[in-house]
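Listed below, chain by chain, are the residues.
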Amino acid sequence: PPVFLLADVEVMRGRRHSDMPRPQWLPNAEPCARPGKSGPRARFDQSPACPLAAMVWSIAAVCRSSRTTGAAWRQACRAFSSDPGIQASRPDEREAMEYDVCIVGAGPAGLSAAIRLKQLAKEKEQEISVCVLEKGSEVGAHILSGNVFQPKALDELIPSWREDASCPIHAVPAVKDRFYYLTPRRALRMPTPPQMHNKGNYVISLSEAVRWLGAQAEEAGVEIYPGFAGSHLLTSASGACVGVGTGDMGIGKDGTRKDSFAPGLDLRARVTLLAEGCRGSLTKEALKRYSLREKAGADPQTYALGLKEVWQIDPAKHEPGTVWHTLGSPLPWNTYGGGWLYHMADNRVSLGLVVSLDYSNPNMNLFQEFQQYKRHPAIARVLEGGTCLQYGARTLSEGGIQSIPALTFPGGALIGDGAGFLNVPKIKGTHTAMKSGMLAAEAAAAELAKEPTAAGRALDLGAYETAMHDSWVHTELHRERNIRPSFGLGAGIWGGLLGSALEAYVLRGKAPWTLRHRRPDHEALAPAAQAAPREYPKPDGSLTFDLNTSLFRSGTNHEHDQPPHLRLRNAKLPEAINLPRYGGPEARYCPAGVYEYVPSEHGGQKLQINAQNCLHCKACDIKDPTQNIQWMVPEGGGGPNYTIT
């Protein structure tokens, strides 16, 4: 995997000096090859001028298969962008690699699917070739979660995981639950809701856990390609998905090809599983192309942004396995969200704030709300004297069962958080994501067994949708379906708590009604003139921090000279609508300082996009009130570099 040398903090301010170091590659690294297969194992070119080109061509030399011609090739040429100013690769330049199953995203869902496929292949003495694309620089680099892990799915997938000394999951069992309502100065202990009891669960770093899962997958024979971003779906003449195309490498910001240009790869597969996580770009493409939300009659998805830090604290304050959840301060009464503080291993704590993106006040700055959370006396007492190690942010799908779209399309399926399997009241989604990947794998293996020699033909995974409906995932999500929507009925947090108590303690998920999500999050913002102002004190540098310092701790980095992966559909809308009507909310809902309004050379202000700061959380793609911002994948390997989140 690529190792990025962190440039000085000027990168985080939206500027980059021409003499800053460029990303370097580990010497003598070898691309993945199918275990048990003989053939060339070309090493990466160690020249810094063209490392990505060498990587693409060396992998293609190992796994090359015949090219496709005609209309399918022309459709596949969409590559990195539809922008006509970008010199994207031509169909005759792109290498094609054939697999039975291509999985996009090396997270819990994608890796569970890959492992399960190989398990089934071994059980049935069936050859199933599986590859996993991961846009992060290494497996786990883009994984962030405040995670108290429920091992239900892992027990099914790898029953012996507790005996594996290398597994980081079982290190810290959850031993104590606390649930607090925070006023500005006090923490009022409340009964812990039944869904939030964590006996039998484990406090983990999901990034570390995913790296372990990745090792299990590779040991089983899965080919994992970190640093490769899937940029578009490949489709047949009939419209079925037949794989994924990766983005071109080495295109400059002006759209011209650099000396390091390398065309993307087409990974052609009979089954394509999209495991990108929340708001993935290929998932969005599939939802639109195959009308998946309309087919299911699903509600609009609703989202939240989670901001997280990991701290090293005073050993005297460390209580391994203690789990806190909070509601209330610093969030307004009418904004759904809450915080957490989990005691991990090695005198570390994970803490964070989750804010629902259906909030209405455009003056809320989500990064600053998180800083305010740490100022609360109950939280500050734990952190004082400690050191912040890492910062990050990501969005999560909160719609529940009402917002789950149709899961399958010709040749593929949605798995994991991209489909929306998070159990919001339980504050858990890893176990459901893993189970969805396992069930999709079982459906794919069954279809491949029926037609083992029909290479190139996209398969129907309808059995996966049926299996999900019959699984414990559906039972769990259906039981909790009314709790999250109860906070959106207009009575704020107290009305939501009352409705949740009714559901949890009286009706127990058997209500004869289902509450709905009526509108997407981007329609929730009120005009700035009608919203209360939000004031935030300056950071103190020990407990609270400025954005640039936090970004440095995320390890985020992108090649500066590449086409922007954050695009405006209409360049005039920010100044015409967002700024005068909503006060420029982009600068406040983004947790990475990507968007800022700066003086325009023509007078007034204009929106400046600092794409190299991006944490890939996709809050902008969700919350922009005019839906003018389009998040696209950058060159593979860019973005945050999480290690302990």
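Keep in mind that this is a model prediction, so the values were computed, not measured. (Residues numbered from 1 in each chain as written. Predicted model: local features only at pLDDT ≥ 70, side-chain atom pairs only at ≥ 80, totals over all residues. Heavy atoms only, no water.)

(A) How the structure looks around the pattern of salt bridges. Enumeration according to the criterion identifies 22 salt bridges in this entry. Ionic pairing is found between D417 and R394, a salt bridge with its closest N-O pair at 2.9 Å. Linking D417 in the loop between β21 (412-414) and α10 (430-450) with R394 in strand β19 (residues 387-397), this pair joins segments that are 23 residues apart in sequence. Judged by relative accessible area, which is 26%, R394 ranks as partly exposed. Within the structure, one salt-bridge network assembled from shared partners comprises R94, D248 and D266. (Salt bridge = Lys/Arg side-chain N within 4 Å of Asp/Glu carboxyl O. Helix = DSSP H or I, 4+ residues; strand = E, 2+ residues; numbered from the N terminus. Buried < 20%, exposed > 50% of the residue type's maximum accessible area, 1.4 Å probe, protein only.)

(B) Representation of the nonpolar core. In this structure, I103, L273 and Y464 are the most contacted members of the largest nonpolar core, which totals 83 residues. Per-element tally for this core: the top contributor is α10, with 10 residues. Discounting residues that sit within four places of it in the chain, L273 has contacts with V101, C102, I103, V104, A113, A413, I415, A440 and L461. By size, the runner-up hydrophobic cluster in this structure holds 56 residues, among which are V349, Y359, L525 and V594. (Core = buried A, V, L, I, M, F, W, Y, C linked by side-chain atoms within 4.5 Å. Contact = heavy atoms within 4.5 Å.)

(C) Here's a closer look at unusual backbone geometry. That bond from S329 to P330 is cis: its omega, 10°, falls within 30 degrees of zero. With respect to the helices and strands, P330 occurs in the loop between β16 (322-328) and β17 (337-343). With a phi close to 60°, R279 is a non-glycine residue in the positive phi region. Counting through the fold element by element, R279 comes out in the loop between β14 (265-274) and α6 (281-289). Taking relative accessible area as the criterion, R279 reaches 17% and is therefore assigned buried. In this model, N347 sits at a positive phi of 60°, which is unusual for a non-glycine residue. Within the fold, N347 resides in the loop between β17 and β18 (348-356). By relative accessible area, N347 is classed as partly exposed at 26%.

(D) Structural detail: the sheet that holds β16. Here 7 strands make up an open sheet; going across it, the order is β7-β6-β16-β17-β18-β15-β19 and the pairing mixed. The outermost strands of the open sheet, each flanked by one partner alone, are β7 (187-190) and β19. Going from strand to strand, the sheet's axes swing by 20° on average, the running direction of each strand aside. With 4 bridges connecting them, β16 and β17 associate as antiparallel partners. The partner of T326 across the bridge, within β17, is G339. Here helix α8 (residues 366-375) sits on the sheet and contacts β6 (176-182), β15 (303-312), β16, β17, β18 and β19; the angle it forms with β15, its principal contact strand, is near 45°. Where helix α15 (residues 547-554) meets the sheet, it contacts β15 and β19, and its direction lies at approximately 85° from that of β19. (Pairing = 2+ DSSP bridges. Axes fitted to C-alpha atoms, helices over the stretch in contact; angles between N-to-C directions.)

(E) Structural context of the side chain of D177. Position of D177 among the secondary structure elements: in strand β6. A distance of 2.8 Å separates a polar atom in the side chain of D177 from a polar atom in the side chain of N198. In contact with D177, not counting residues within four places along its chain, are R189, T192, M196, H197, N198 and V323. (Polar contact = N/O pair within 3.5 Å; in protein donor to acceptor, adjacent residues only side chain to side chain.)

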